[in-house]
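Breakdown of the fold
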Amino acid sequence: MRKLTYYIACSVDGFIGDVTGDASAMLPYVDEEFLDFLKSEYPETVSTRGRRARGFDDLENKRFDTVIQGRLSYDLALKDGDVSPYAHLRQYVASRSLAASPSPEVEIIGEGLLDTVRELKAQEGGLDIYLCGGSRLAGELFDEIDQLVIKTYPIVYGTGMPMFAADCDVAGFALGEVRSFGNGAVVRTYDRAR
């Protein structure tokens, strides 16, 4: 069974962006040390354009071979003219309003999101599934999330977009790896206690 991993950046007060979802205040923390960590541990979580710009597009996927993202996350790429932001992964976008995909490499999930995710998780072999935001999508898929990888940056938003925009039942997660960086960022991994 493949895992669905919610891999997300957040502030120390638990927001993944400001009230509009803008997370650009976190970008300065992706310094050389942090980028080396991403390249060695999670290279596939960097967009194809980002990988090419930083010279590591040739790195193999280590943890994920599939990405599921919400419409708002996908819109950020579309705004930059990028119709296939994770060309090195199988790409799915959950959207009830996007009728057709602007790229043959991106499959739109309009209905049956839960069934699609369960089918992807049940597939044999391959790597795991990267849940790439957003807040509402993570809330909808909360019960299917097997792992959290939370990149916490040393900033406070005070208000903003929460990690989960939904009423979720209380669920326990067991702390796994913890990695800290010189700039104050911390990456924690949690596995769902089932």
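Quick note: structure is the one above.
Residues numbered from 1 in each chain as written. Predicted model: local features only at pLDDT ≥ 70, side-chain atom pairs only at ≥ 80, totals over all residues. Heavy atoms only, no water.

1. Observations concerning the overall build of the protein chain
- A tally of helices and strands in the protein chain yields five helices and ten strands.
- The C-alpha atoms of the protein chain give a radius of gyration of 16 Å, which matches the 16 Å a tight globule of 194 residues would have.
- Its C-alpha atoms give the protein chain principal-axis dimensions of roughly 40 × 40 × 35 Å.
- Burial statistics for the protein chain: of 194 residues in total, 47% are counted as buried.
- If you take every contact in the protein chain between residues at least 6 apart in sequence, the share linking residues at least 24 apart comes to 69%.
- As presented, the protein chain carries roughly 9,700 Å² of accessible surface, and 50% of it is formed by carbon and sulfur atoms.
- For the protein chain, the centre of its 21 positive side-chain charges and the centre of its 31 negative side-chain charges are spaced 1 Å apart. (Helix = DSSP H or I, 4+ residues; strand = E, 2+ residues; numbered from the N terminus. Rg over C-alpha atoms; globule rule 2.2 N^0.38 Å. Buried < 20%, exposed > 50% of the residue type's maximum accessible area, 1.4 Å probe, protein only. Contact = heavy atoms within 4.5 Å. Areas by Shrake-Rupley, 256 points an atom, 1.4 Å probe, with all protein chains shown as cover. Lys, Arg positive; Asp, Glu negative; His and termini not counted. Charge placed at Lys NZ, Arg CZ, Asp CG, Glu CD.)

2. Focus: helix H1 (residues 32-41)
- Among the residues making up H1, those that are buried are Phe-34, Leu-35, Phe-37 and Leu-38. Considered in projection along H1, the buried side chains sweep an arc of 155° and stay on one side of the axis. (Arc of directions from axis to C-beta.)

3. A few points about the sheet that holds strand S4 (residues 90-94)
- Taken in spatial order, the eight strands line up as S5-S4-S3-S6-S1-S7-S10-S9 in an open sheet, and their pairing is mixed. Edge positions in the open sheet fall to strand S5 (106-109) and strand S9 (173-180), since each of these has one partner strand only. Each adjacent strand pair in this sheet contributes to an overall mean axis angle of 25°, direction not counted.
- Across six bridges, S9 lies against strand S10 (residues 186-192) in antiparallel orientation. Looking across to S10, one finds that Ser-180 is bridged to Val-186.
- Contacting strand S3 (64-70), S4 and S5, helix H3 (residues 71-79) runs over the sheet at an angle of about 100° to S3. (Pairing = 2+ DSSP bridges. Axes fitted to C-alpha atoms, helices over the stretch in contact; angles between N-to-C directions.)

4. A closer look at the pattern of salt bridges
- Under the counting rule described, the total for this entry stands at eleven salt bridges.
- A salt bridge links Arg-118 to Glu-144, with the nearest nitrogen and oxygen atoms 2.9 Å apart. With Arg-118 in helix H4 (residues 113-122) and Glu-144 in the loop between helix H5 (135-140) and strand S7 (147-153), the pair connects residues that are 26 residues apart, well separated along the chain.
- For Arg-118, a relative accessible area of 42% translates into the label partly exposed.
- Look at the salt bridges and you will find they share partners, linking Arg-118, Lys-121, Glu-144 and Asp-146 into a network. (Salt bridge = Lys/Arg side-chain N within 4 Å of Asp/Glu carboxyl O.)

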